[in-house]
Amino acid sequence: MRYIRYAFLGALGAVLISVALANRDFVTLSLLSPAIADLLEFNFVIRLPMFVVIFAAIAAGLLIGFFWEWMREHKHRSGKNKAERELHKTQREMRRLKGRQNEHKDEVLTLLDEAS
């Protein structure tokens, strides 16, 4: 299984390197369109290689997707935590009631009752 993983990572690396080599030309990224930039007299412009833009877009999409999924699963995690708290509360109550019930019994009989 380890060799399959290494082969996959090697193929992925080769694909990423070929994408980077094929997209080495510089592109200009502007924060605003030229008409709005002239109106506001402000524009942020940066020149980057195209492969950096592609890889940054992929990374940003992954991060947004992970965050979205984490937020979507919040209700499931909170429900699980609530159920666990309720379970621990019930177990404490059960131990307290069994202790009260076995107060006047012999210790050996109490241990046998707890085991069953």
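All values derive from a computational prediction rather than experimental measurement.

Points about the overall build of the protein chain
Point 1. Looking only at helices and strands, one finds five helices and two strands in the protein chain.
Point 2. Traced from its N-terminal end to its C-terminal end, the protein chain shows the element sequence α-β-α-β-α-α-α.
Point 3. A buried classification covers 4% of the 116 residues belonging to the protein chain.
Point 4. The long-range share in the protein chain, meaning contacts at least 24 apart out of those at least 6 apart in sequence, stands at 33%.
Point 5. Counting only carbon and sulfur atoms, one obtains 67% of the accessible surface of the protein chain, whose full area is about 10500 Å².

Remarks on the confidence of the model for the protein chain
Point 1. Looking at the protein chain as a whole, the pLDDT averages 87, with 88% of positions reaching at least 70.
Point 2. Looking over the protein chain, one finds the lowest element-wise mean pLDDT in helix H5 (residues 107–115), namely 69, and the highest in helix H3 (residues 50–72), namely 94.

Scoring rules and cut-offs
Residues numbered from 1 in each chain as written. Predicted model: local features only at pLDDT ≥ 70, side-chain atom pairs only at ≥ 80, totals over all residues. Heavy atoms only, no water. Helix = DSSP H or I, 4+ residues; strand = E, 2+ residues; numbered from the N terminus. Buried < 20%, exposed > 50% of the residue type's maximum accessible area, 1.4 Å probe, protein only. Contact = heavy atoms within 4.5 Å. Areas by Shrake-Rupley, 256 points an atom, 1.4 Å probe, with all protein chains shown as cover. pLDDT = per-residue confidence, 0-100.

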